[in-house]
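Breakdown of the fold
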Amino acid sequence: MRLALLAALAIAAPAFATTHELKPTPQTVAWGHYDAADKPVLTIRSGDTVVMHTLLTNSPVGLERAGVAPHDIEPELRAVFDGVPLSARGPGGHILTGPIAIEGAEPGDTLEVRIRKIDLAIPYSYTSFRYGAGFLTDDFPYSRIKIVPLDRERMVGKFGPGIEVKLAPFFGSMGVAPPATFGRVDSAPPGINGGNMDDKLLVAGTTLFLPVYVPGALFQAGDGHAAQGNGEVTITALETSLIGTFEFILHKKTATPYPRAETPTAYIAMGFDDDLSNATRKAVRNMIDFLVTAKGMTRDDAYMLISVSGDVEITELVDRNKGVHVVLPKSVFVAR
């Protein structure tokens, strides 16, 4: 089965796997893009762990105007805004830490990213909308930003009087470089390389599987969210800076065709497209393919199992490519 094959083809972890730390500086971020031509800022081996510090997607000036005290602005954010030249920015706006190269990764391999831990880096977040973005942009032809304090003891966001949002931190964007022929790809729409998936199930304890398209894979992460609702209808969640602890496992010659994930209790198949119906078709087909390959099911049975036990959910509606995932509980597979 597919899972057994993945285990068999995984590169053995070194006897003493290394833990690295990667902080955002003008030299260690990719501003607004995924690009096969970018040089890695860190090279690791399969089995290594990286503690990645990431920055929220806003400027020091924007945060101060919204009411954040100057001394509460991260020095790293100021340094990145001051130090990254305009020519290295865009076409998107996310500040992504990386890329990280994994030794031995080649096109046709699969990169397993185990999300071990996610910590809040700062005690505040913001959420906003603006005209020209968001799902109801014509209904709100103006801009607004709201600073939401984060209570790290109780893990809630203090949205307003009598309103608290339960925190479930995750990275809106995690991905690898796309094929070299794609060139510099905008960080906003998710795609075959992962990227800005905005999938709120990708919390600590979840494992992400990404196809490898270029030597080294070139993994990046950022766009930290303290919490988000499915759909992310305004185009922002509770945007904040996060620290993620990731363990990387390389699987040789397994050719995962599309990003997918596993939680401790469920399998997740994804689909991204500018048409919501097409995104849904991709997610359902990807779950069918997974069940056929990993569980030995017929396509007919896989299709029917999704209908009776799978949940089809919209992850995001606002990043040009819409995101849909199919969540299938592992509990349907009982011991025989």
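Everything that follows concerns the structure shown earlier in this document.
Residues numbered from 1 in each chain as written. Predicted model: local features only at pLDDT ≥ 70, side-chain atom pairs only at ≥ 80, totals over all residues. Heavy atoms only, no water.

Take a nonpolar patch on the surface next. A cluster of nonpolar residues, Phe135, Leu136, Phe140, Tyr142 and Val233, forms a patch on the protein surface that exposes about 490 Å² of accessible area. Checked against the element boundaries, phenylalanine 140 lands in the loop between β8 (124–129) and β9 (144–151). For phenylalanine 140, a relative accessible area of 35% corresponds to the partly exposed category. (Patch = residues over 30% accessible without salt bridge, like charges linked within 9 Å, V, L, I, M, F, W, Y side chains within 5 Å. Areas by Shrake-Rupley, 256 points an atom, 1.4 Å probe, with all protein chains shown as cover. Salt bridge = Lys/Arg side-chain N within 4 Å of Asp/Glu carboxyl O. Helix = DSSP H or I, 4+ residues; strand = E, 2+ residues; numbered from the N terminus. Buried < 20%, exposed > 50% of the residue type's maximum accessible area, 1.4 Å probe, protein only.)

Attention shifts here to the sheet that holds strand β20 (residues 311–316). Taken together, the nine strands give an open sheet; going across it, the order is β1-β5-β17-β7-β15-β18-β19-β21-β20, and neighbouring strands pair in mixed fashion. The sheet is open, and its two edges are formed by β1 (19–22) and β20, each paired on a single side. Averaged over all adjacent pairs, the angle separating strand axes in this sheet is 25°, with direction ignored. Relative to strand β19 (residues 266–273), strand β18 (residues 260–262) runs antiparallel, the two sharing three bridges. Bridging across to β19, glutamate 262 finds its partner in tyrosine 267. The sheet contacts of helix α4 (residues 276–295) involve β18, β19, β20 and β21 (322–329), and relative to β19 the element is tilted by about 140°. Packing against the sheet, helix α5 (residues 299–309) makes contact with β20 and β21, and its axis sits at approximately 90° to β21. (Pairing = 2+ DSSP bridges. Axes fitted to C-alpha atoms, helices over the stretch in contact; angles between N-to-C directions. Contact = heavy atoms within 4.5 Å.)

All right, on to the packing of α4 against α5 then. One way to put it is that α4 packs onto α5 with a least axis distance of 9 Å and a crossing angle of 125°. Between α4 and α5, the angle falls in the class oblique. Where α4 crosses over α5, the two elements pack in a sense that is right-handed. Contacts between α4 and α5 involve Val284, Met287, Ile288, Asp289, Leu291 and Val292 from the first element and Arg299, Ala302, Tyr303, Leu305 and Ile306 from the second. (Parallel < 35°, antiparallel > 145°, perpendicular 65-115°, else oblique. Left-handed = near helix turned anticlockwise from the far one by under 90°.)

A few words on the sheet that holds strand β10 (residues 156–160). With antiparallel pairing, the four strands of this open sheet are ordered in space as β8-β9-β10-β11. Only two strands of the sheet have a single neighbouring strand rather than two, namely β8 and β11 (163–166). Taking the axes of each pair of neighbouring strands and ignoring which way they run, one obtains an average angle of 30° across the sheet. Sheet analysis places β9 next to β10, joined by two bridges and oriented antiparallel. Counterpart to leucine 150 in the pairing with β10 is glycine 157.

All right, on to unusual backbone geometry then. Residue proline 91 follows glycine 90 across a cis peptide bond; omega there is 10°. Among the structural elements, proline 91 can be located in the loop between α3 (75–83) and β6 (95–102). Each neighbour pair has its own omega, and for glycine 98 with proline 99 the value is 10°, a cis peptide bond. You can see proline 99 is positioned in strand β6. Phi is positive for alanine 217, close to 75°, though the residue is something other than glycine. As for its position among the elements, alanine 217 is in the loop between β15 (207–211) and β16 (219–225). Even without being glycine, isoleucine 235 reaches a positive phi, approximately 90°. Examined against the element boundaries, isoleucine 235 turns out to sit in the loop between β16 and β17 (242–251). In this structure isoleucine 235 comes out as buried when scored by relative accessible area, which is 18%.

From the geometry alone we can't say anything about function, so treat these as descriptive.
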